[in-house]
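Topology and contacts: notes
Here are the chains, one letter per residue:
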Amino acid sequence: APAPPPARHLFSDPAEVDALRGNLLAWYDRCKRDLPWRALAATEPDADRRGYAVWVSEIMLQQTQVATVIDYYNRWMQKWPTLQALAQASLEEVNELWAGLGYYSRGKRLQEAARKVVSEFAGQMPRTAEDLQKLLPGVGRYTAGAIASISYGQATGVVDGNVIRVLCRLRCIGADSSSPAVIDRLWHMANVLVDRSRPGDFNQALMELGATVCVPKAPLCGECPVKQHCQAWRRVSLGPAAIVPLVFAGVGDCSLCPPATEPWDSSLGVTNFPRKAAKKPPRAMRTATCVLERRGCHGAPEYLIVQRPSSGLLAGLWEFPSLLLAHGLQEKKEREVLTDHLQAWMGWPVAAKGLRFIGEVIHIFSHIHQTYVVYSLPLDGDVTLDPASSPSRWVTEEEFHASAVSTAMKKVLR
């Protein structure tokens, strides 16, 4: 078994823990942002509605900034104010509202889980983090802890990106913060710290601190309510000679210290922490996309869109007919393979010279650097598709933007 981490990395003094809790909660009460899901969680008397409101916000906030989420959240709760209402919605409706928010599988899993709560649990949300994670698809350890603590008062900690940053700075944890061993230690610390009487507020305060004060770059240490408990801040304010032996050994077998090969960089200050392994660069992909256009009955242009498969990237969303390209193709060959694809799909000849090259659109997904090679093809009439092919429909520009289409496809149309 690995040796326990040194005391410098732990919260082992009950008096310090109590002081940290009190300072952080007092700051949160004064400075917390006014966010719609917080207002609902604070005022909704029905436990299941409260849990649902927090759940929706936490799913939307995964990988998405608060400023972006607010409008989506308000529209969602207006359209589906209860689990029961969401369970009755169609996936198409969910995708349409989610369009532009990214990571579309989140909305799909949220609806699947809502249907499960209604059909299997008589509309009653699980009340503990353990049951939420075990029983609801798409609910991981963090989301379960957030719902259970904020909605149901369970004294359980949470660890997200903001909390990782705060805890690593508070205790000078310099090992790779994405490694399972370090993540487990951070969860243990979060569960030690969480305030037993106000667990939901404490967890939100810890996340709020990371989002607004203890930010990745240029943190506002002068405004931090817990800086006196922060070993990284002490390392900066007291100087290396006074504090290195206490909090930044970097030697021996400590699993939480930074490697001895990565010494303290005085120019970085507290942003020496946390440290992460270098990310793999996103893989490059090229996709040929054809905007098929015709004149509608009122003379306005209409565009043909097709539905993506029900699984995989951008599952179930609508797009212009597209084809993944092999690496290294020249433009002439790209035209030929796209022509063949359209021909097989529509069932009648398409001349490669009829495709007009428009340009390239670059869209960055979390793990993919996607280049869309955009062509247009005007048509004189309707297109009858093979019934075995993907669902398709003609839409006006207004209908296109109201459909469940990705941000990338909106770029393609522009």
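Residues numbered from 1 in each chain as written. Predicted model: local features only at pLDDT ≥ 70, side-chain atom pairs only at ≥ 80, totals over all residues. Heavy atoms only, no water.

Per an unreviewed UniProt entry, the protein chain goes by the name Adenine DNA glycosylase and belongs to Atrichornis clamosus. Per its UniProt entry, the protein chain bears the Catalytic activity (unreviewed entry) comment "Hydrolyzes free adenine bases from 7,8-dihydro-8-oxoguanine:adenine mismatched double-stranded DNA, leaving an apurinic site." Word for word, the UniProt comment on the protein chain under Sequence similarities (unreviewed entry) is "Belongs to the Nth/MutY family." (UniProt positions renumbered as here; feature names shortened; annotations may be inferred.)

**Some details on the UniProt feature "domain: HhH-GPD" (unreviewed entry) in the protein chain**
Mapped onto this structure's residue numbering, the UniProt feature "domain: HhH-GPD" (unreviewed entry) falls at residues 60–212. Across residues 60–212, helical content stands at 67% and strand content at 0%; the span's end C-alpha atoms are separated by 19 Å. (Helix = DSSP H or I, 4+ residues; strand = E, 2+ residues; numbered from the N terminus.)

**Some words on the packing of aromatic side chains**
Summed over the entire model, instances satisfying the criterion amount to seven aromatic pairs. With 5.7 Å between their ring centres and 80° between their planes, Trp76 and Trp98 make a pair best called edge-to-face. You can see Trp76 sitting in helix α4 (residues 66–79) and its partner Trp98 sitting in helix α6 (residues 91–98), a full 22 residues away along the chain. Residues Trp76 and Trp98 agree in their burial class; the two are buried. An aromatic cluster is built from Trp76, Trp80 and Trp98, whose rings are joined through pairwise contacts. (Phe/Tyr/Trp six-rings, centres within 6.5 Å; stacked < 30°, edge-to-face > 60°. Buried < 20%, exposed > 50% of the residue type's maximum accessible area, 1.4 Å probe, protein only.)

**So, the layout of surface pockets**
Each pocket or cavity is described by its volume, and for the largest pocket that value is around 1500 Å³. What lines the largest pocket is a set of 42 residues, and nearest its centre among them are Leu61, Gln63, Asp160, Gly161 and Asn162. Listed by contribution, the elements that provide at least two residues to the lining of the largest pocket are α2 (36–43), α3 (47–61), α4, α9 (141–152), α10 (161–170) and α12 (199–212). Split into classes, the residues belonging to the lining of the largest pocket amount to 15 nonpolar, 15 polar and twelve charged. (1 Å grid on protein atoms, 1.4 Å probe; cavity = no way out; pocket = protein on both sides within 12 Å on 5 of 7 lines; lining within 4 Å. Points joined across faces, edges and corners; volume = space filled by probe spheres on them. Nonpolar A, V, L, I, M, F, W, Y, C, P; charged D, E, K, R; others polar.)

**What about unusual backbone geometry?**
Here the bond from Phe273 into Pro274 is cis, since omega is -10°, no more than 30 degrees from zero. Considering the arrangement of structural elements, one finds Pro274 in the loop between α14 (240–247) and β1 (283–295). For Tyr103, which is not glycine, the phi torsion reads 50° and is therefore positive. Its place among the elements puts Tyr103 in the loop between α6 and α7 (105–120). Given the relative accessible area of 36%, Tyr103 is considered partly exposed.

**Side note on the pattern of salt bridges**
Counted by the stated rule, this structure contains 16 salt bridges. In this structure, Arg33 engages Glu208 in a salt bridge whose closest nitrogen and oxygen atoms are separated by 2.9 Å. Placement of Arg33 in the loop between α1 (14–31) and α2 and of Glu208 in helix α12 is noted, with a sequence separation of 175 residues between them. Residue classification places Arg33 among the partly exposed residues on the basis of a relative accessible area of 30%. Taking relative accessible area as the criterion, Glu208 reaches 1% and is therefore assigned buried. (Salt bridge = Lys/Arg side-chain N within 4 Å of Asp/Glu carboxyl O.)

**Side note on the domain arrangement of the protein chain**
Under the domain assignment used here, the protein chain contains domain 1 (7–272) and domain 2 (283–413). Once you take the C-alpha centre of each, domain 1 and domain 2 turn out to be 39 Å apart. Between domain 1 and domain 2, the residue contacts involve eight residues of the former and 15 residues of the latter. Across the domain 1 to domain 2 interface the summed buried area is about 780 Å²; carbon plus sulfur atoms make up 47%. When the area that domain 1 buries against domain 2 is broken down by residue, the three leading residues are Glu92, Asn95 and Tyr104, summing to 52%. Counting across the domain 1 and domain 2 interface gives one salt bridge. The shortest N-O distance in the salt bridge between Arg393 and Glu92 comes to 3.9 Å. One can count one residue pair in polar contact (both at pLDDT 80 or more) joining domain 1 with domain 2. The greatest single-element share of the side of domain 1 that touches domain 2, amounting to three residues, is contributed by α6. Of the residues belonging to the side of domain 1 that touches domain 2, the class tally is three nonpolar, two polar and three charged. (Domains from an automatic or database assignment. Contact = heavy atoms within 4.5 Å. Buried area = accessible area lost by both parts, 1.4 Å probe. Polar contact = N/O pair within 3.5 Å; in protein donor to acceptor, adjacent residues only side chain to side chain.)

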